Amino acid sequence: MGFADQRFTVNLSILFTELPLLERPAAAAAAGFTAVELWWPWADSPTPRRSELDALGRAIEDAGVRLTGLNFYAGRLPGPDRGALSVPGEESERFRANVDVAADFAGALGCTALNALYGNRVEDTDPAEQDALALQNLALAARAADRIGAVLLVEALNGPESPLYPLRSAPAAVAVADKVNEATGLGNARFLMDLYHLSMNGEDLPSAIGRYAARTGHVQIADNPGRGAPGTGSLPLEDLLDQLSAAGYDGWVGLEYKPGASPSAEAFEWLPAGARAAR
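Residues numbered from 1 in each chain as written. Predicted model: local features only at pLDDT ≥ 70, side-chain atom pairs only at ≥ 80, totals over all residues. Heavy atoms only, no water.

**Some points on helix α2 (residues 50-63)**
Moving on, step 1. Over its 14 residues, α2 runs 20 Å from end to end, which matches the ideal 20 Å to within 8%, given 1.5 Å per residue.
Moving on, step 2. Buried residues of α2: L53, A55, L56, G57, A59, I60 and A63, and no others.
Moving on, step 3. In the core, the buried residues of α2 are packed alongside α1 (24-30), β2 (35-38), β3 (66-71) and α3 (90-108).
Moving on, step 4. G64 occupies a position one or two residues after α2 and carries a positive phi of about 75°. (Helix = DSSP H or I, 4+ residues; strand = E, 2+ residues; numbered from the N terminus. Expected span 1.5 Å × (residues − 1). Buried < 20%, exposed > 50% of the residue type's maximum accessible area, 1.4 Å probe, protein only. Contact = heavy atoms within 4.5 Å.)

What follows is the structure, encoded as structure tokens:
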């Protein structure tokens, strides 16, 4: 086993960002990959023009890559925001306006995973109020995901970089996914296990894998420290992915790391070219 036995998908919102958005799918394909994922590409608009959606869809299809994952609208990301669905007022309204737009775009491209970032705590707002709003909006998103045959992902982020984000551990994110499943009866809310974020939180990664592999709908990786490519930090990522496979996880592994000072095309030396195309 090892890296060559995984199905990798390249996150085009953190890799190849030196290129315009519409050129990134082809760049990933030129690097040997056949699958990509994205944060919501229009940070300022939950409902972009149809021409913008169509142009990105064509760029993905023309590159011959598959879209495996897409975030719902999450505010300014990268930036100060960490999602919108639990933020009362305009931001949660923007999330709701985005739900069907994102689901329709994903469904047209055969994408089967939609990630809904929870959002930061808001000063002078009751956390219980935010959590109730979050459950309503996550249920809405889960139903939209189910309509296109997709899972809804709930992600834990790390405390040092996202101190206002309330889901800062694997158990916290899994508990929210459980509440969504209970509310909808659909069973399609799953945990997004990002090994970088969990490691930044100081979690026992083998234990988290053992406990939650069966509840995991997607995995993302970056090394730690630095959030760089595998081998730039100290995480035993190859071993951890082997443990996930042994625990039954056979889904996609998102490459969500920073390329460093070099062009993104040079950030994949750790992975043999023959192992980049999904099998």
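**Brief notes about the pairing of strand β8 (residues 252-255)**
Moving on, step 1. Burial of the side chains of β8 extends over both faces: W252 and G254 are buried on one face and V253 and L255 on the other.
Moving on, step 2. Where strand β1 (residues 7-11) and β8 come together, 4 bridges link them in parallel fashion. Note that in β8 the partner of V10 across the bridge is L255.
Moving on, step 3. Where strand β7 (residues 216-221) meets β8, 3 bridges bridge the pair, whose relative direction is parallel. What sits directly across from I221, in β8, is L255.
Moving on, step 4. Chirality of the crossover, the property in question, places the unit of β7, helix α8 (residues 237-246) and β8 among those that are right-handed. (Pairing = 2+ DSSP bridges. Right-handed = clockwise from strand over helix to strand, strands pointing away.)

**Concerning α3**
Moving on, step 1. With 19 residues, α3 should cover 27 Å at 1.5 Å per step; its first-to-last C-alpha distance of 28 Å lies within 8% of that length.
Moving on, step 2. Where α3 bends most, at N98, the angle is about 35°.
Moving on, step 3. Among all positions in α3, only S92, F95, N98, V99, A102, A103, F105 and A106 are buried.
Moving on, step 4. Elements in contact with the buried residues of α3: α2, β3, β4 (113-115) and α4 (127-147).
Moving on, step 5. Following α3 by one or two positions, G110 has its phi on the positive side, about 75°. (Bend = angle between axes of the 7 residues up to and from the residue.)

**Structural notes on the sheet that holds β8**
Moving on, step 1. Read around the barrel, 8 strands follow the order β1-β2-β3-β4-β5-β6-β7-β8 and close on themselves; strand pairing throughout is parallel. For this sheet, the mean angle separating the axes of adjacent strands, direction not counted, is 30°.
Moving on, step 2. The pairing of β1 with β2 spans 2 bridges and is classified as parallel. Paired with N11 across the strands is E37, a residue of β2.
Moving on, step 3. Against the sheet, α4 engages β4 and β5 (151-155), with an angle of about 145° to β5. (Axes fitted to C-alpha atoms, helices over the stretch in contact; angles between N-to-C directions.)

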